[in-house]
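Listed below are the residues making up each chain.
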Amino acid sequence: MKSFQYVIKDELGLHARPAGMLAKQAKNYESEITITKNDKTVVCTKLMAMMGMCVKKGDTVTVAVNGADEDTAFDDIKKFFEENL
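Here the structure is a predicted model, which is why all the values come from computation and not from measurement.

J.: For this particular structure, what's the right way to read the sheet that holds strand β3 (residues 40-43)?
T.: One key point about sheets: their strands pair by backbone hydrogen bonds, in either a parallel or an antiparallel sense. Strands sit in the order β1-β4-β2-β3 across an open sheet of four strands; the sheet is antiparallel. Whereas interior strands pair on both sides, the edge strands pair on one side only; in this sheet they are β1 (2-7) and β3. For this sheet, the mean angle separating the axes of adjacent strands, direction not counted, is 20 degrees. Bridge count between β1 and strand β4 (residues 60-66): six bridges; the pairing is antiparallel. Directly across from phenylalanine 4, in β4, lies its bridge partner valine 63. Where helix α3 (residues 70-84) meets the sheet, its contacts fall on β1, β2 (32-37) and β4, and the angle it forms with β1 comes to roughly 5 degrees.

So, how was this worked out
Residues numbered from 1 in each chain as written. Predicted model: local features only at pLDDT ≥ 70, side-chain atom pairs only at ≥ 80, totals over all residues. Heavy atoms only, no water. Pairing = 2+ DSSP bridges. Helix = DSSP H or I, 4+ residues; strand = E, 2+ residues; numbered from the N terminus. Axes fitted to C-alpha atoms, helices over the stretch in contact; angles between N-to-C directions. Contact = heavy atoms within 4.5 Å.

Okay, here's the thing in structure tokens:
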């Protein structure tokens, strides 16, 4: 399992557009990708669950990738966060 922490920089936080893009990208991998804020963890393929976390600008989230293609998925998802959130 690989993970990283990220501070959300987007003014609107993890809102519908980037959450939808993240869910779509997460479905491209065999690995399970999760996002954690405080004590709540959700799978990134679950759009409504991610939006229900109410991630706002300045919040720190932990993203974890676990599975057969975790190296590729980790690099791609980390890049996604840096470019979109």
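Next, the rest of the story.
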